[in-house]
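# Overview (structure and organization)
Residues per chain, in single letters:
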Amino acid sequence: MAPREGDSRNGVYSSIKLTAFTKLPTNYPHKSFEQWLRGKRTDDGVAPYWRVHNKLYDLTNFVDRHPGGKMWLQVTKGTDITEAFEASHFGEGPEKLLQKYYVKDITTPRNSPYTFHKNGFYKTFKRRVEPILRKTGKGPSWKSLVIQDGLALSFLLLTFASTVLSSYTLAVLAGMFLSFTISCAHNYFHQRDNWRMYYFDLSGFSSHEWRVTHALSHHLYTNTANDIEISALDPVWVFLPKPDKNLIQRYGSYIYDLPMAPVIAFVAHLTRIFEVCIGITPLRPEYLLPYSVLFLMATISPSFWQAFKLFMTIHATTNCVFVAIGMTAAHHHPDIFHDGDRMRDDPDWGLCQLDAVRDRVEVTGNLLLVLTSFGEHTLHHLLPTVDHSKLYSLYPVFLETCKEFNIPFSFVRWQSLVTGKYLQMSKNIPNTNYPGYKHKAL
């Protein structure tokens with residue numbers, strides 16, 4: 001696919017050619033979920049409707065009846081939801097239901113470059129997965145539920161013990177288990193509304209916001225200029241191959257990764273609280289979950305100050321572990337596609353996901369490791385609303401489809417992705433070779 005010229009807005013793309021989107025998204029670089037949504041509404045220009053492929057629908061009367069929860073349709077009103085619709089639904093039922101709300105066709109080309117042809121890779125894979133999921137279901141297995149609840153209970157017990165004993169060692173362990181808890185809870189906020197997704201909010205992160213920044217942005221437009229998990233980290237962590245990266249941006253993360261990891265999470269949380277206080281963001285009940293834990297710690301601690309120090313130790317540990325795993329789990333290596341690199345000629349959405357994701361051999365097949373470290377990530381990106389406990393059984397169908405479409409696939413070592421993260425940040429020259437998803441022994 002031919003590269004597209006970037007613009008010099010905010011100096012972010014002063015010397016790079018975009019290869020995914022035709023132009024920089026409005027409000028780029030995005031730093032918040034509201035900013036990303038406002039920009040997408042402006043760029044897609046379909047208000048007050050929802051766009052799926054080249055048709056407009058008025059889903060206003062369906063919002064409250066949406067099986068996945070009304071939030072998904074509320075926040076996407078006025079946008080192109082083609083990728084979200086395709087990645088979240090199976091079978092002909094949802095497509096037939098859409099016809100009840102059809103308004104008109106639209107001839108304006110989509111901003112997104114991705115395609116979903118009937119006989120393309122992704123739609124073929126979905127057709128083969130559908131009968132399997134009809135038998136097993138998409139939702140969590142009992143093992144998935146036990147792991148999630150067990151991790152949360154372990155966090156609470158360790159927090160209680162660290163407070164009673166004034167133990168910073170136990171506080172660090174509690175922070176590690178909180179990190180595992182929220183990594184697991186990420187599996188649940190991708191699914192229809194459920195109470196377990198609020199485990200994620202115990203960390204001070206927001207499941208509501210991450211449904212936008214992670215599920216709707218990162219998952220659907222992975223490693224592109226429309227992926228807020230790329231833009232929100234700029235200019236501290238710069239993953240796109242910008243020729244004008246300075247030396248600090250290319251090599252500084254070797255030094256500042258550890259001290260910056262907890263800082264960015266605290267800053268994001270304090271920013272949210274400030275926006276609530278001045279009326280920009282409405283207060284959601286789950287925002288108070290971390291403070292409920294602090295309150296309970298304070299009631300059993302000798303002093304509030306001691307409880308607060310233990311609380312901060314827990315959350316600093318959580319943020320360090322969560323960021324370290326998240327940045328090295330699947331997406332960053334010089335051989336993995338990042339906007340600016342040459343894009344494949346066939347922009348099938350599923351194939352482009354394969355270009356931007358890798359699976360680690362060390363965690364595949366172990367549900368505990370999969371849930372706590374973003375494992376089996378390729379299938380998770382292709383089928384984001386399917387519970388992680390169901391993914392491993394889909395590998396045979398996935399590999400069969402890869403073989404049919406001549407797409408080589410192999411697992412990689414986690415260490416290669418750890419090293420690759422730093423190599424990608426130092427990279428300032430885009431890949432000019434067609435990706436082709438050629439897995440090397442990374």
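The numbers attached to residues start from 1 for each chain and follow its sequence in the written order. Restriction of local features to residues with pLDDT of at least 70 applies here, the model being predicted, together with a cutoff of 80 or more for giving and counting side-chain atom pairs; totals for whole chains, interfaces and linings are based on all residues. Note: side-chain values were computed over all heavy atoms of the structure, leaving out hydrogens and water.

## A few points about the packing of helix α12 (residues 289–300) against helix α13 (residues 304–328)
In the contact formed by α12 and α13, the axes pass within 9 Å of each other and the chain directions differ by 140 degrees. Overall, the two elements α12 and α13 adopt an arrangement that is oblique. Every pair of crossing elements has a handedness; the one defined by α12 and α13 is right-handed. Where α12 approaches α13, its residues Pro290, Leu294, Met297 and Ala298 are matched on the opposing element by Phe304, Ala307, Phe308, Leu310, Phe311 and Ile314. Under the convention adopted here, Pro, Cys and the residues Ala, Val, Leu, Ile, Met, Phe, Trp and Tyr are nonpolar, Asp, Glu, Lys and Arg are charged, and Gly plus all remaining residues are polar. Broken down by class, the residue content of the contact of α12 with α13 amounts to 10 nonpolar, no polar and no charged. Note on definitions: angles span 0 to 180 degrees between N-to-C directions of axes, and those axes are lines fitted to C-alpha atoms, for helices only across the stretch in contact. By the criteria applied, helices consist of DSSP H or I runs no shorter than four residues and strands consist of E runs no shorter than two, each listed in order from the N terminus. Between 65 and 115 degrees an angle is taken as roughly perpendicular, under 35 as roughly parallel, over 145 as roughly antiparallel, and anywhere else as oblique. When the near helix sits turned anticlockwise from the far one by under a right angle, the crossing is termed left-handed; a clockwise turn instead gives a right-handed crossing. Contact definition: two residues touch when any of their heavy atoms are within 4.5 Å.

## Brief notes about the packing of aromatic side chains
Centre distance and the angle of the planes are the two values used to describe a pair of aromatic rings. Stacked, tilted and edge-to-face are the three classes assigned to paired rings of Phe, Tyr and Trp, where Trp is represented by its six-membered ring and a pair needs centres within 6.5 Å; plane angles under 30 degrees give stacked, over 60 edge-to-face, the rest tilted. Scanning the entire structure with this criterion turns up 28 aromatic pairs. Seen from their ring centres, Phe177 and Phe180 are 5.9 Å apart, and the 75 degrees between their planes marks the pair as edge-to-face. In this pair, Phe177 and Phe180 both sit in helix α7 (residues 168–189), three residues apart, roughly one turn of the helix. With a 1.4 Å probe rolled over the protein chains alone, any residue whose accessible area is under 20% of its type maximum counts as buried; one over 50% counts as exposed, and the rest are partly exposed. Residue classification places Phe180 among the partly exposed residues on the basis of a relative accessible area of 22%. Between Phe322 and Phe374, the ring centres sit 5.9 Å apart and the planes meet at 65 degrees, which makes this aromatic pair edge-to-face.

## Description of empty space enclosed by the protein
Two kinds of site are reported from a 1 Å grid over the protein atoms alone, namely cavities, where a 1.4 Å probe fits but cannot get out, and pockets, open sets with protein on both sides within 12 Å along at least five of seven lines, and residues are called lining when an atom falls within 4 Å of a point. Grid points are joined across faces, edges and corners, and a volume is the space filled by probe spheres set on the points. Considering all chains together, one arrives at four cavities of 30 Å³ or more under this definition. Volume-wise, the largest cavity comes out at about 160 Å³. Top element by residues in the lining of the largest cavity is helix α1 (residues 33–44). It accounts for five residues. Residue composition of the lining of the largest cavity, grouped by class: five nonpolar, seven polar and seven charged.

## Observations regarding the environment of Tyr392
Note on placement: Tyr392 falls in the loop between α16 (377–382) and α17 (395–404). For the pair Tyr392 and Pro235, spaced 157 residues apart in the sequence, the C-alpha separation amounts to 37 Å. Setting aside anything within four residues of it in sequence, one finds Tyr392 in contact with Thr364, Gly365 and Glu376.

## Examining the pattern of salt bridges
Only one rule defines a salt bridge in this text: a Lys or Arg side-chain nitrogen within 4 Å of an Asp or Glu carboxyl oxygen. Across all of its chains, the model carries 19 salt bridges by this definition. Close ionic contact of Asp80 with Arg110 constitutes a salt bridge, the shortest N to O distance being 3.0 Å. Of the two residues, Asp80 is situated in the loop between α2 (71–76) and α3 (82–88) and Arg110 in the loop between β5 (102–105) and α5 (121–136); the sequence distance between them amounts to 30 residues. Of the two residues, Asp80 and Arg110, both sit in the buried class. For Glu209, the salt bridge identified is with Arg272, shortest N-O distance 2.8 Å. A residue pair is termed long-range when its members are at least 10 positions apart, and Glu209 in helix α8 (residues 207–218) and Arg272 in helix α11 (residues 253–277) qualify at 63 residues. In terms of burial, Glu209 and Arg272 fall into one category: buried. Because the salt bridges share partners, they merge into one network encompassing Glu86, Glu95, Lys123 and Lys126.

## Re the environment of Ile336
Its location among the elements puts Ile336 in the loop between α13 and α14 (349–356). A C-alpha to C-alpha distance of 9.0 Å links Ile336 and Leu354, two positions 18 residues apart in sequence. With residues near it in sequence (within four places) discarded, Ile336 still touches Asn223, Ala330, His331, Asp341, Asp355, Ala356, Val357, Arg358, Leu417 and Gln424.

As far as function goes, none of this settles anything; it's purely spatial.
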